[in-house]
Protein chains: 2
Amino acid sequence: MAHEPPAPVGRRVAEEERRAVGSGASLDDVARLAGVSASTASRALNNHPQVAAATRERVLTAAAGLDYVVSPEASRLAGGASRTRVAVVVPHLSRWFFGRLLEGLEAGLREGGDTAVDVLLFLVGDVAGRRAFFEHLPARRRVDAAVVVGFEVDEAERARLELLGVHIVSAGGPREPFPSVTVDDHRAGRQAVDHLVHLGHRRIGLLASQDPDDRGPDLRTAAYRDALADAGLDVDDELVVRVPFGGPGGADGMGRLLGLRHPPTAVFASADEIAAGAVRTLRRAGLRVGGEISVIGVDDHPVAEMLDLTTVAQPVHEQGVVAGRMVRALLEPGGPVPVASQVLPTHLVLRGTTGPPP
Amino acid sequence: MAHEPPAPVGRRVAEEERRAVGSGASLDDVARLAGVSASTASRALNNHPQVAAATRERVLTAAAGLDYVVSPEASRLAGGASRTRVAVVVPHLSRWFFGRLLEGLEAGLREGGDTAVDVLLFLVGDVAGRRAFFEHLPARRRVDAAVVVGFEVDEAERARLELLGVHIVSAGGPREPFPSVTVDDHRAGRQAVDHLVHLGHRRIGLLASQDPDDRGPDLRTAAYRDALADAGLDVDDELVVRVPFGGPGGADGMGRLLGLRHPPTAVFASADEIAAGAVRTLRRAGLRVGGEISVIGVDDHPVAEMLDLTTVAQPVHEQGVVAGRMVRALLEPGGPVPVASQVLPTHLVLRGTTGPPP
């Protein structure tokens, strides 16, 4: 410990020693085993740029051998390379939207080369899971921020996190009274249905997700009704079919629409995955999609390009990136930077599944 | 603190007090604010079943108000509801395979109602990211186990985790010398190409992912060559096309195969997402898929059902579930239960995109 001046990092060393967890080994033990001073060991463990790679490796090996682990809290208190803990709360992972948004979120959190972020993943498949997250998380685990993806947070839940000093950001869900990034789902629905109306369609079906959590598709359904009303068209309730989210739901729903006495000439599906199922049914029925019948979705899911599906694109990765940046602004070392909610634009992507009525 | 006997939980309380982090508030402070004994407060914070719901809520509110947080380590040492920290390392999130496997992993980790697991997510998009994970994780964060999804772990990386006492499980990647769950990708490739051979095809193209990380598809490519050799067919190198993973890659690759002087009568795509792109190109070219030309993929991705694509299915969710169970066995309170690696079966799913040569 003698051959380097300990003063500049004295406090950091003390904090780390006091709070180190694991085997009970101290920073001194690690330094001794590595043959360096405690201050050098500390700098190495904190990824300080002035530590030679070989030295760093020696310290890490010693720390590993002794099962010495610096607690995140110690690191933060030490003011060194502190670690931030961000909880990410998602209802699904196998749906493209959520995975893609999470990739953007990761990128946004680590922009500028920041690697001092731990992402804790909470998969809350249903309302009970969500409630459990908000009840148990704060009292049990120290997180600095929570990002909720694609669902609504109620007032009590938000208040609970705020009381605990946990910043909250919403991405890809409804607009919220706290920092959120989303798209205007009503506008997206209007873009889709207005396109069908402009093509001359007068009998337009709707395939909407019946998942009670899908608020986006719900707003898209409202847009369908509004677009028809503005065009002076009546809503025929037999043209409105609610289906389970996904391809099989869309396929079944399209079958029901084809079985009507007066089938629609165009169909608006509230998500591309539902539209994909509808297209499958139409092809099986031998109908020329985009000619004899039109289909439009929402999202610009990769399947849309594969099916040559006309859709309304939303920027999914970008919503994640923006949410990540919001978290970083809220956790700025000098105190939170004000964060304004953002509504990102959607736009019509014309492909081959829409055309004028036959 | 007086109206309840503190003895039975004495050690637990002491540990929690010593190790509580956050605002610096002690368990006594929380108990005082909630109007209960410290032992009751401790039981409430540990979700002990004998604490009345109203009491528990009061304690949690007091803890929240004081920013009192029990550290995971304290909880573990206390022998109460201890928290386990599992790192999950994935190279992608927007690809269905990874999201679906993660959903299974979550289910496996929480089977039997276990909620005392924190999942730390590490998205390591490239080899550099992976290296950084193995270098930095152990010394900086206390995790009990790491699950690597869909990529190979080298010997040095594994040794490093073992030295730190971090259990490691591999899911959906290569077979490893440590607990792993995967499928036999060579066998999956054989099932696909043998099917085409059995249908009578003699000129079979290959669309293989050029992603250097895709070891699975690589084994599937080897299977293509072996299946042709076993059928007494020469491999024509112009029929082997490497493409970027995904639909656009498959679409371009199929275009190249169609541009050959002697195009293939059947195509094996090493993943359904590549096959989907191939089908798009064939439809645009006006070819009847499953009649004039056959296409088969691997995975049974949801897009396969939508496209009526013949494929070789692999159990993705189940690989995640099994990996989660392996982690639980390795972390059994009484010490690790021996875990045998598993290779789950794949099987042919016959749909409409394959048929005899014209």
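Residues numbered from 1 in each chain as written. Chains lettered and ligands numbered in written order. Predicted model: local features only at pLDDT ≥ 70, side-chain atom pairs only at ≥ 80, totals over all residues. Heavy atoms only, no water.

Looking at an unreviewed UniProt entry, one finds chain A named DNA-binding LacI/PurR family transcriptional regulator and attributed to Actinomycetospora corticicola.

**Side note on the overall build of chain A**
For clarity, the threshold we go by: Helix and strand assignments come from DSSP, with helices taken as H or I runs of at least 4 residues and strands as E runs of at least 2, each series counted from the N terminus. Each residue is assigned to one of three classes by its accessible area relative to the maximum for its type, calculated with a 1.4 Å probe on protein chains only: buried under 20%, partly exposed between the two thresholds, exposed over 50%. Only heavy atoms enter the contact rule, under which two residues are in contact if any of them lie within 4.5 Å. In short, Shrake-Rupley with a 1.4 Å probe defines the accessible areas, and a residue's cover is counted only from the protein chains shown.
Each helix and strand in chain A was counted, giving 14 helices and 14 strands. Going through the 358 residues of chain A one by one, you find that 60% of them count as buried. Sequence-distant contacts, at least 24 apart, represent 70% of the contacts inside chain A between residues at least 6 apart. Accessible surface computed for chain A: about 13800 Å², of which carbon and sulfur atoms make up 52%.

**Observations concerning the pairing of strand β12 (residues 310-313) of chain A**
Residue and element names in this part refer to chain A. Operational definition: By definition, two strands form a pair when at least two bridges between them are found by DSSP. Crossovers are marked right-handed if the path from the first strand over the helix to the second runs clockwise, as seen with the strands pointing away from the viewer.
Burial along β12 is two-sided: the face carrying Thr310 and Val312 and the face carrying Thr311 and Ala313 are both buried. With four bridges joining them, strand β11 (residues 294-299) and β12 adopt parallel strand pairing. Across the sheet, the residue bridging to Gly297 is Thr311, located in β12. With helix α13 (residues 302-307) bridging β11 and its parallel neighbour β12, the resulting β-α-β unit is right-handed. Two strands pair when backbone bridges link them, and β12 and strand β14 (residues 347-349) are joined in this way by three bridges, in the antiparallel orientation. Bridge pairing in β14 places Val312 opposite Leu348.

**Re the pattern of salt bridges**
Residues and elements named next belong to chain A. What counts is decided by this rule: For salt bridges, the criterion is a side-chain nitrogen of Lys or Arg within 4 Å of an Asp or Glu carboxyl oxygen.
Tallied over the full model, the rule gives 34 salt bridges over all chains. Among the salt bridges present, the one from Arg325 reaches Glu111, with a minimum N-O distance of 2.8 Å. Separated by 214 residues along the polypeptide, Arg325 in helix α14 (residues 316-330) and Glu111 in the loop between α6 (96-109) and β4 (117-123) bring together distant segments of the chain. Using a relative accessible area of 42% as the deciding quantity, one classes Arg325 as partly exposed.

**Thoughts on the nonpolar core**
The line we're drawing: Residues grouped as a nonpolar core are buried Ala, Val, Leu, Ile, Met, Phe, Trp, Tyr and Cys residues, joined through side-chain atoms within 4.5 Å.
One finds Leu207(A), Tyr224(A), Phe268(A), Leu207(B), Tyr224(B) and Phe268(B) to be the most contacted residues of the largest nonpolar core, which totals 84 residues. Beyond its immediate sequence surroundings of up to four residues, Leu207(A) is in contact with Val241(A), Val243(A), Gly250(A), Gly253(A), Met254(A), Leu257(A), Val267(A), Phe268(A), Ala269(A), Ser270(A), Ile274(A) and Ala278(A). Core analysis: the second largest hydrophobic core is formed by 58 residues, Leu101(A), Val169(A), Leu330(A) and Leu121(B) among them.

**What to know about the sheet that holds strand β7 (residues 180-183) of chain B**
Test applied: Where helices are involved, their axes are fitted lines through C-alpha atoms of the stretch in contact, as for all axes, and angles between N-to-C directions lie from 0 to 180°.
Spatially, β13(A)-β7(A)-β6(A)-β5(A)-β3(A)-β4(A)-β4(B)-β3(B)-β5(B)-β6(B)-β7(B)-β13(B) is the arrangement adopted by the 12 strands of the open sheet, whose pairing is mixed. Each end of this open sheet is capped by a strand with a single partner; those strands are β13 (342-344) of chain A together with β13 (342-344) of chain B. If you compare each strand with its neighbour and ignore which way they point, the axes differ by 20° on average. Here strand β6 (residues 167-171) of chain B runs beside β7(B); their pairing, made up of two bridges, is parallel. What sits directly across from Ser170(B), in β7(B), is Ser180(B). Each of β3 (84-90), β4, β5 (145-149) and β6 (167-171) of chain A together with β4 (117-123) of chain B touches α6(A); the most contacted strand, β3(A), lies at about 165° to it.

**A closer look at helix α3 (residues 38-45) of chain A**
The element α3(A) is extensively covered by neighbouring structure, given that eight of its eight residues are classed as buried. Those residues of α3(A) that sit buried are Ala38(A), Ser39(A), Thr40(A), Ala41(A), Ser42(A), Arg43(A), Ala44(A) and Leu45(A).

**Points about the confidence of the model for chain A**
Parts of the prediction with low pLDDT should not have their coordinates interpreted in detail. Residues and elements named next belong to chain A. Using the following cut-off: Confidence of the prediction at every residue is given by pLDDT, a number between 0 and 100.
In the predicted model, chain A carries a mean pLDDT of 83, and 83% of its residues have values of at least 70. Every residue in residues 1-23 scores below 50 in pLDDT, and together they form 50 contacts with partners more than four places removed in sequence or on other chains. Confidence drops under a pLDDT of 50 for residues 71-81, and excluding neighbours within four residues, the segment shows 26 contacts in the predicted structure. Here the prediction assigns the complex a pTM of 0.78, and the interface score ipTM is 0.76.

**Description of the sheet that holds strand β9 (residues 240-243) of chain B**
All names here are of chain B. The six strands are arranged β9-β8-β10-β11-β12-β14 in an open sheet whose pairing can be described as mixed. Edge positions in the sheet fall to β9 and β14 (347-349), since each of these pairs with one other strand and no more. Adjacent strand axes in the sheet meet at a mean angle of 20° when their direction is disregarded.

**Concerning the packing of aromatic side chains**
The line we're drawing: Any Phe, Tyr or Trp ring, taking Trp's six-membered ring, that has another such ring centre within 6.5 Å forms a pair; planes under 30 degrees apart are called stacked, those over 60 apart edge-to-face, and the others tilted. In this scheme, the term charge over a ring applies when either NZ of a lysine or CZ of an arginine sits within 6 Å of the ring centre and within 35 degrees of the ring normal.
Going through the model one piece at a time under the given rule, you end up with four aromatic pairs over all chains. Ring geometry for Phe97(A) versus Phe98(A): centroids 5.2 Å apart, planes at 85°, classification edge-to-face. Its relative accessible area of 7% is what places Phe98(A) among the buried residues. Sitting over the ring of Phe245(B), Arg95(B) keeps its end group 3.8 Å from the ring centre. Arg130(B) extends its terminal NZ or CZ atom over the ring of Phe151(B), reaching a point 4.4 Å from the ring centre.

**With respect to the environment of Ala340(B)**
With respect to the helices and strands, the residue Ala340(B) is situated in the loop between α14 (316-330) and β13. C-alpha separation for the pair Ala340(B) and Pro179(B), spaced 161 residues apart in sequence, amounts to 6.1 Å.

**Here we look at the pairing of β4(A)**
Among the seven residues of β4(A), seven are classified as buried, and the element is accordingly described as predominantly covered. Across the two faces of β4(A) the burial is the same, with Val117(A), Val119(A), Leu121(A) and Leu123(A) and Asp118(A), Leu120(A) and Phe122(A) all buried. Relative to β4(A), β3(A) is paired through seven bridges, and the arrangement is parallel. Bridge assignment links Thr84(A) to a residue of β4(A), and that residue is Val117(A). In this structure, β4(A) lies alongside β4(B), joined through three bridges in antiparallel fashion.

**Observations regarding helix α9 (residues 185-198) of chain B**
Residues and elements named next belong to chain B. Selection rule: A helix is expected to reach a length of 1.5 Å times the quantity of its residues less one. We call two N or O atoms a polar contact when they sit within 3.5 Å, provided that within protein one can donate a hydrogen and the other can accept it, with sequence-adjacent residues counted only if both atoms are side-chain atoms.
Compared with an ideal rise of 1.5 Å per residue, which puts 14 residues at 20 Å, α9 spans 20 Å between its outermost C-alpha atoms and is within 8% of the ideal. Within α9, the full set of buried residues consists of Asp185, Ala188, Gly189, Arg190, Gln191, Ala192, Val193, His195, Leu196 and Val197. The opening residue of α9 is Asp184, an N-cap whose side-chain oxygen sits 3.1 Å from the backbone nitrogen of His186. Positive phi appears at Gly200, one or two residues downstream of α9, with a value of about 110°.

**Thoughts on the packing of helix α6 (residues 96-109) of chain B against α14(B)**
Residue and element names in this part refer to chain B. The condition is simple: Reported orientations rely on four angle classes, namely roughly parallel under 35 degrees, roughly antiparallel over 145, roughly perpendicular from 65 to 115, and oblique for the rest. In this scheme the handedness of a crossing depends on how the near helix is turned from the far one: anticlockwise by less than a right angle means left-handed, clockwise means right-handed. Gly is placed with the polar residues, together with every amino acid not listed as nonpolar (Ala, Val, Leu, Ile, Met, Phe, Trp, Tyr, Cys and Pro) or charged (Asp, Glu, Lys and Arg).
Interaxial distance between α6 and α14 falls to 6 Å at its minimum, and their mutual angle equals 40°. When the interaxial angle is binned, α6 and α14 end up oblique. Crossing of α6 against α14: the hand is right-handed. Contact with α6, carried on its side by Trp96, Phe97, Arg100, Leu101, Glu103, Gly104, Leu105, Ala107, Gly108 and Leu109, involves Val316, His317, Gln319, Gly320, Val321, Ala323, Gly324, Arg325, Val327 and Arg328 of α14 and no other residues of that element. Classifying every residue of the contact of α6 with α14 by side-chain character gives 10 nonpolar, six polar and four charged.

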